Amino acid sequence: MALFSNLSEKINHIFSKLTNRGKLTELEIKEAMREIRVALLEADVNFMVVKDLINKISAKAVGEKVLESLTPGQQVIKIVNEELVELMGGTNAKLITASNGPTIILMCGLQGAGKTTMSGKLALMLKKQNKKPLLVACDIYRPAAINQLRVLAKQIDVPIFEKGTQDPVKTSKEAVEYAGVHGNDVVIIDTAGRLQIDEKLMQELKDIKSAVNPTEILLTVDSMTGQEAVNVSEQFNDALDITGVILTKLDGDTRGGAALSIKAVVNKPIKFCGVGEKLSDLEPFYPDRMASRILGMGDVLTLIEKAQQAVDEKQMQEMERKFKENSFDFEDYLLQFENINKMGDIKGLLSMIPGLGNKIKNLDIDENQMKKNKAIIQSMTIKERRNPDLIKASNKKRIASGSGTTIQDVNSLIKSFENSKEMMKMMKNKKGMSKLFK
């Protein structure tokens, strides 16, 4: 699902009415502001935040510079974009690192918000940045919480420090000492959550904070809970003075209220957002990119970064060479499928392309088609993969049988493969694919 698809669709409809007109009157702008106000409130954005935002946009949009402009509709869109960016923090808030000793990150949040999983995702992200994270299991109350963190640690090959049901404050202190001895430069403490905020939970978190003096206190909140996420953020911030927020489930049916309200209400930045179920589905939060996605303008920078992570420079140069020499084969095609799979959900990727955000909302994309295509290629012999021209009718029958598909499926894949080669032939006289990744 495209990020904030309902809000994005409504705002784009409002914008289309503005851009289809020549000159704009003050009355027309005020009507557009009223519609944007309704759209934001329906997206569960905090009422006072909406009021303040609309006042700021209106003050700039009804100015002489906009009303007398040759493209007033575009000017209004530019103002809305700028104010949304400012509302969400202006710039990306990077993770704070300790000047001496390990960076200590205290993870907190309500039970069910995804805090333990987010601890694993953050550890994986830092590991990819050549850090040496240590996961610390301090949730001694939720059944299987420690085991969940243990499984996550094994999946990402990161060490875990756990002492069973020992006092979490003592475990936290021992973990920091352990990290100092064993060269772990980041300590991620997964603390206990509750179904609701209570005094005992907050006191334990305060005691851990006092014991280890964390560099970062990151609150994990479920973006699908809308205004409730903002209320939870306020309460945790009042008790702990958090340093930042991680929003989970931004890939789901979220209305956008939390992302657009938290910074304004709590005055603490959103630092990361969870955008999928995979452990690699964690992104730094960029207010400018998020505003572009909300307004249906795409997010090319994040798309390029995802591509860079999935395909290394050497692999890209080799792929470009093969296209130039017309030696691109099914083994290369299989590698492309695997790289796209690493980048995440296909609809999510398409929504980052400018102009496609709302158009793909009702697009029926069969996520299993990629698995089917991989099965077909894997059912080919090495010789067939490297020499696609060898695949005749008899080969197709065997390949279809081996992959559990039909001859029609095999023909469809071959046609798709040939189309890809033709498209790349058209591109090969340009600057080259590798330029995109520099």
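This section reports on the structure supplied with the text.

What counts, and at which threshold
- Residues numbered from 1 in each chain as written.
- Predicted model: local features only at pLDDT ≥ 70, side-chain atom pairs only at ≥ 80, totals over all residues.
- Heavy atoms only, no water.
- Salt bridge = Lys/Arg side-chain N within 4 Å of Asp/Glu carboxyl O.
- Helix = DSSP H or I, 4+ residues; strand = E, 2+ residues; numbered from the N terminus.
- Buried < 20%, exposed > 50% of the residue type's maximum accessible area, 1.4 Å probe, protein only.
- Pairing = 2+ DSSP bridges.
- Axes fitted to C-alpha atoms, helices over the stretch in contact; angles between N-to-C directions.
- Contact = heavy atoms within 4.5 Å.
- Parallel < 35°, antiparallel > 145°, perpendicular 65-115°, else oblique.
- Left-handed = near helix turned anticlockwise from the far one by under 90°.
- Nonpolar A, V, L, I, M, F, W, Y, C, P; charged D, E, K, R; others polar.

## Quick word on the pattern of salt bridges
Part 1 of the argument: Taken as a whole, this structure holds 13 salt bridges when the rule is applied.
Part 2 of the argument: Close ionic contact of E31 with R34 constitutes a salt bridge, the shortest N to O distance being 3.2 Å. Of this pair, E31 and R34 both sit in helix 2 (residues 26–42), three residues apart, roughly one helical turn.
Part 3 of the argument: By relative accessible area, which is 35% here, E31 ends up partly exposed.

## Quick look at the sheet that holds strand 8 (residues 282–284)
Part 1 of the argument: The strand order across the open sheet formed by eight strands is 3-2-4-1-5-6-7-8, and the pairing between neighbours is mixed. The sheet terminates laterally at strand 3 (160–162) and strand 8, the two strands that pair on one side only. The sheet shows a mean angle of 25 degrees between the axes of neighbouring strands, taken without regard to direction.
Part 2 of the argument: Across five bridges, the pairing between strand 1 (residues 103–109) and strand 5 (residues 216–222) is parallel. Residue pairing in the sheet places L106 in a bridge with I217 of strand 5.
Part 3 of the argument: Helix-sheet contacts for helix 10 (residues 227–240) involve strand 1 and strand 5, and the interaxial angle to strand 5 is about 160 degrees.

## Digging into unusual backbone geometry
Part 1 of the argument: The backbone of N130 shows a phi angle near 65 degrees, a positive value even though the residue is not glycine.
Part 2 of the argument: Locating N130 in the fold gives a position in the loop between helix 6 (115–128) and strand 2 (133–138).
Part 3 of the argument: N130 gets classed as exposed once you look at its relative accessible area, which sits at 70%.
Part 4 of the argument: The residue D241 is not glycine, and still its phi comes out positive at about 55 degrees.
Part 5 of the argument: Structurally, D241 can be placed in the loop between helix 10 and strand 6 (244–248).
Part 6 of the argument: D241 gets classed as partly exposed once you look at its relative accessible area, which sits at 46%.

## Some thoughts on the packing of helix 10 against helix 11 (residues 257–266)
Part 1 of the argument: As a packed pair, helix 10 and helix 11 sit with axes 8 Å apart at the nearest point and diverge in direction by 30 degrees. By the angle between their directions, the pair helix 10 and helix 11 is classed as roughly parallel. In the crossing of helix 10 with helix 11, the sense of the turn from one axis to the other is right-handed. For the pair formed by helix 10 and helix 11, the contact residues are Q227, A229, V230, S233, E234 and N237 on the first element and G257, A258, S261, I262, V265 and V266 on the second.
Part 2 of the argument: Per-class residue counts for the contact of helix 10 with helix 11 are six nonpolar, five polar and one charged.

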